[in-house]
Amino acid sequence: MPPAAWIALCGLFFAIAVQGAAFAYMLGRQAERIAVLERENKRDAGVSESVARLDERLKHTTEQLERFDRGLQGVNRQLANLATGKGGVFSSE
């Protein structure tokens with residue numbers, strides 16, 4: 001085999017080895033990144049449950065505040081009617 005063929009064969013082997021090393025390096029980085037994301041996901045699982053519970057409590061609190069608001073609006077109307085003498089027990093007609 002002529003020396004040029006040996007050089008070409010060595011170059012081919014070297015190129016395949018470099019590509020294999022780069023592939024292994026990238027695969028290792030991806031595996032580490034996935035492991036970090038899985039750890040963060042496990043840690044954040046409790047946080048998402050807490051957020052869901054807080055969201056439900058906020059909905060119930062908002063409903064209660066709306067009920068209180070409607071009740072206070074009724075009281076306001078009654079006080080305004082009493083103040084202006086528009087009916088009620090204290091009517092001066």
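Quick note: structure is the one above.
Reference entry: report on the structure contained in this document. (Residues numbered from 1 in each chain as written. Predicted model: local features only at pLDDT ≥ 70, side-chain atom pairs only at ≥ 80, totals over all residues. Heavy atoms only, no water.)

1. Remarks on the overall build of the chain
Here is step 1 of the chain: Within the chain one finds one helix and zero strands.
Here is step 2 of the chain: By the compact-globule yardstick of 12 Å for 93 residues, the chain is too spread out, its C-alpha radius of gyration being 38 Å.
Here is step 3 of the chain: When the backbone C-alpha atoms are referred to their principal axes, the chain occupies close to 125 × 25 × 10 Å.
Here is step 4 of the chain: For the chain, with 93 residues in total, the buried portion stands at 1%.
Here is step 5 of the chain: On the chain, roughly 8,600 Å² of surface is accessible, and the fraction owed to carbon and sulfur atoms is 64%.
Here is step 6 of the chain: Distance between charge centroids for the chain: 2 Å, based on 12 positive and 11 negative side chains. (Helix = DSSP H or I, 4+ residues; strand = E, 2+ residues; numbered from the N terminus. Rg over C-alpha atoms; globule rule 2.2 N^0.38 Å. Buried < 20%, exposed > 50% of the residue type's maximum accessible area, 1.4 Å probe, protein only. Areas by Shrake-Rupley, 256 points an atom, 1.4 Å probe, with all protein chains shown as cover. Lys, Arg positive; Asp, Glu negative; His and termini not counted. Charge placed at Lys NZ, Arg CZ, Asp CG, Glu CD.)

2. Focus on the pattern of salt bridges
Here is step 1 of the chain: Following the criterion strictly, the structure yields three salt bridges and no others.
Here is step 2 of the chain: When the shortest N-O distance is used, the salt bridge between arginine 39 and glutamate 32 registers 4.0 Å.
Here is step 3 of the chain: Given a relative accessible area of 51%, arginine 39 falls into the exposed group.
Here is step 4 of the chain: We note a salt bridge from lysine 59 to aspartate 55, for which the minimum N-O separation is 4.0 Å. Separated by four residues within a single helix, lysine 59 and aspartate 55 lie in helix H1 (residues 3–84), roughly one turn from each other.
Here is step 5 of the chain: By relative accessible area, which is 37% here, aspartate 55 ends up partly exposed. (Salt bridge = Lys/Arg side-chain N within 4 Å of Asp/Glu carboxyl O.)

3. Quick notes on a nonpolar patch on the surface
Here is step 1 of the chain: Taken together, the side chains of Met1, Trp6, Leu9, Leu12 and Ile16 make up a nonpolar region of the molecular surface, amounting to roughly 570 Å² of accessible area.
Here is step 2 of the chain: On the basis of relative accessibility, which here comes to 48%, the residue tryptophan 6 falls in the partly exposed class. (Patch = residues over 30% accessible without salt bridge, like charges linked within 9 Å, V, L, I, M, F, W, Y side chains within 5 Å.)

4. Topic: H1
Here is step 1 of the chain: Relative to the 122 Å expected for 82 residues at 1.5 Å per residue, H1 spans 113 Å between its end C-alpha atoms, a close match to the ideal helical length.
Here is step 2 of the chain: Its axis deflected by about 35 degrees at aspartate 44, H1 carries its strongest bend there.
Here is step 3 of the chain: Glycine 85 occupies a position one or two residues after H1 and carries a positive phi of about 75 degrees. (Expected span 1.5 Å × (residues − 1). Bend = angle between axes of the 7 residues up to and from the residue.)

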